[in-house]
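# Architecture at a glance
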Amino acid sequence: MSAENFTLVEAVNDALHTAMAADDRVMVYGQDVAEQGGVFRATEELQDAFGGSRVLDSPLSEIGIVGTAIGLAMQGKRPVVEIQFSGFLPPAFNQLVQNAGRIRWRNRGKHSAPMVIRAPYGGGVRALEHHSESLESAYAHVPGIKVVVPATPPDAKGLLLSAIEDPDPVLVLEPKRVYRSFREAVPEGDHTVPIGKAAVRRDGTDVTLVSWGSMLHYALQAAENLAEDGVDAEVVDLRSISPLDRETVVESVRKTGRAVVVHEAPRSGGFAGELVATINEEALMYLEAPIERVTGFDTPMPMLAQEDYYLPNPPRIEEAAKSVMGL
């Protein structure tokens, strides 16, 4: 299969083109996604290719966008809706929890809602208030909704195509900090990545660094820096928050005996807590040291220059790794 070098946001666009060309049930809508191609141009040129009945702008109403998608999905469509920033998704939380996540349960499996919600998430782009939140743990807590977070262009395409094919609602959180920061080869055509399967991005023997989204790249940089100090770090990219690939995480920690979990969301109630509990339940006797967390702080994401202080970075990750190593 041939491939082309894409940025992460270009890979999203390619996935949407691929899905819409293959299945006329797939439709795309959201605020400014049609004529403007979305605030990050992820849906650019889709309306030209597939027409205004399949790619359309919606009113500025998140609850309406998600609620309409539920109805369309139950009637045989495959809607892919964009919430302009993930910080604007809470108004639709009721639709997600009470309706989308419960459809299959409520109907005892007779009906489902095969829909996708895309949302740029996370900090690092100097955005305004409500534009940089990382609330993935809140959505992962909702039964019936799958939550995926691609960190690379191939995974951005592969996870999105898998989400569109999935029979249940999938929330795709796209780390906008790395939308255009690098390019990688992305397979052409129908390239899928399984939902619920983590990836080991770097093999190591001394400590496991677990992360997802844009923080994965800081974890990888920290691992390279640690190697200069003689610490061989393994890096695990979760890719899916729900369902969670516990097996890959536990297998890695059993090998290394130490773990550091990295995410940019606030510390309290963050998804790192679920991972720490999982490791303690399934790999406690393999641990050589307590697990460390490197996270954001228990405050709203600060604006502009203070983001650099709030977000985890390689030095903080390296310090945590050295701590569990006893260095």
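Quick look at the structure, then. (Residues numbered from 1 in each chain as written. Predicted model: local features only at pLDDT ≥ 70, side-chain atom pairs only at ≥ 80, totals over all residues. Heavy atoms only, no water.)

Turning to the overall build of the chain, a few remarks are in order. Across its full length, the chain holds 12 helices and 14 strands. Relative to the compact-globule value of 20 Å for 327 residues, the chain shows a C-alpha radius of gyration of 19 Å, a close match. Dimensions of the chain along its principal axes, counting C-alpha atoms only, are 60 × 45 × 40 Å. Sorting the 327 residues of the chain into buried and exposed places 56% on the buried side. By sequence separation, contacts in the chain at least 24 residues apart represent 82% of the contacts at least 6 residues apart. As displayed, the chain has an accessible area near 13,600 Å², and 50% of this comes from carbon and sulfur atoms. Here the chain contributes 30 positive and 46 negative side-chain charges, whose respective centroids are spaced 6 Å apart. (Helix = DSSP H or I, 4+ residues; strand = E, 2+ residues; numbered from the N terminus. Rg over C-alpha atoms; globule rule 2.2 N^0.38 Å. Buried < 20%, exposed > 50% of the residue type's maximum accessible area, 1.4 Å probe, protein only. Contact = heavy atoms within 4.5 Å. Areas by Shrake-Rupley, 256 points an atom, 1.4 Å probe, with all protein chains shown as cover. Lys, Arg positive; Asp, Glu negative; His and termini not counted. Charge placed at Lys NZ, Arg CZ, Asp CG, Glu CD.)

On to the environment of leucine 72, then. Topologically, leucine 72 is positioned in helix H3 (residues 62–74). Taking the C-alpha atoms as reference points, leucine 72 and leucine 16, 56 residues apart in sequence, are found 18 Å from one another. Apart from residues no more than four positions distant in its own chain, leucine 72 is found in contact with Met27, Tyr29, Lys77 and Pro79.

Moving on to unusual backbone geometry. The residue after serine 242, namely proline 243, is reached through a cis peptide bond having omega 5°. In this fold, proline 243 is placed in the loop between strand S12 (240–242) and helix H9 (246–256). For arginine 41, which is not glycine, the phi torsion reads 65° and is therefore positive. Summarising the element assignment, arginine 41 is placed in the loop between strand S2 (26–30) and helix H2 (46–50). In this structure, arginine 126 is a non-glycine residue whose phi angle is positive, near 60°. When you line up the elements, arginine 126 lands in the loop between strand S5 (116–121) and helix H6 (136–140).

Honestly, that's just the spatial picture; any functional story needs more than this.
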